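# Secondary and tertiary structure notes
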Amino acid sequence: MDAWPIVFDPVPGHACAAALAILLLSSAWRKLADLEVFRATVELYALLPVAAVAAFAGLFPLFEVAAGVVLLLRPDGPWMVLPFAVLGLSTAAILVNVLRGRSNLECGCGGDRHPRLSWALVMRNGALLGGVLMAAAADNGRPLVWVDFLSVAALTLALAGLYATLNQLLANRPESMPTGSLS
């Protein structure tokens, strides 16, 4: 049996689009609910001039909302640049700070517990970017039938649960153990 039809089946792409839309919309909601905390997180990343921090912190969640809506309504064509750019910008900011050795910062992803910056977080976001690419490739011309909608719903829930679990594991990861002698 050839594996290519599975890769190009529209169900995984539609499920990725829906799960990523849930992620982006909920993340934006949490940032907008406590904009001052998100502004402080953006400032701690130390990537923008101080004068631009407040504007970026106010606009970025709105771009997350737009990206989530694109994934829900139009997960194909040129509009897919927006979710890719939003997640790519977040990933780049995390990557720059990890390369600087600033792993003591919380990601600011939204939620009660934030994972600290790490290579694992960069890899998690890389997987999210791969999900955007899968979502963009979802429209291969095969129409969805009723069982596909059930499959998309189940896979969306599974992907959202997997993301939440991984995020919780990253947030609960123990801090680095100090090195040296115990005696």
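Residues numbered from 1 in each chain as written. Predicted model: local features only at pLDDT ≥ 70, side-chain atom pairs only at ≥ 80, totals over all residues. Heavy atoms only, no water.

## Considering the packing of helix α2 (residues 10-33) against helix α6 (residues 119-136)
Here α2 crosses α6 at 130 degrees, and the two axes come no closer than 7 Å. By the angle between their axes, α2 is oblique relative to α6. Judged by the sense of rotation from one axis to the other, the crossing of α2 with α6 is left-handed. Here α2 contributes Pro-12, Gly-13, Cys-16, Ala-17, Leu-20 and Leu-23 to the contact with α6, which in turn contributes Leu-128, Gly-131, Val-132, Met-134 and Ala-135. Looking at the contact of α2 with α6, its residues break down into 9 nonpolar, 2 polar and no charged. (Axes fitted to C-alpha atoms, helices over the stretch in contact; angles between N-to-C directions. Helix = DSSP H or I, 4+ residues; strand = E, 2+ residues; numbered from the N terminus. Parallel < 35°, antiparallel > 145°, perpendicular 65-115°, else oblique. Left-handed = near helix turned anticlockwise from the far one by under 90°. Contact = heavy atoms within 4.5 Å. Nonpolar A, V, L, I, M, F, W, Y, C, P; charged D, E, K, R; others polar.)

## Brief notes about unusual backbone geometry
Its identity is not glycine, yet Ala-46 carries a phi of approximately 55 degrees, on the positive side. Looking at the element boundaries, Ala-46 is found in the loop between α3 (35-45) and α4 (50-73). We classify Ala-46 as partly exposed; its relative accessible area is 40%. (Buried < 20%, exposed > 50% of the residue type's maximum accessible area, 1.4 Å probe, protein only.)

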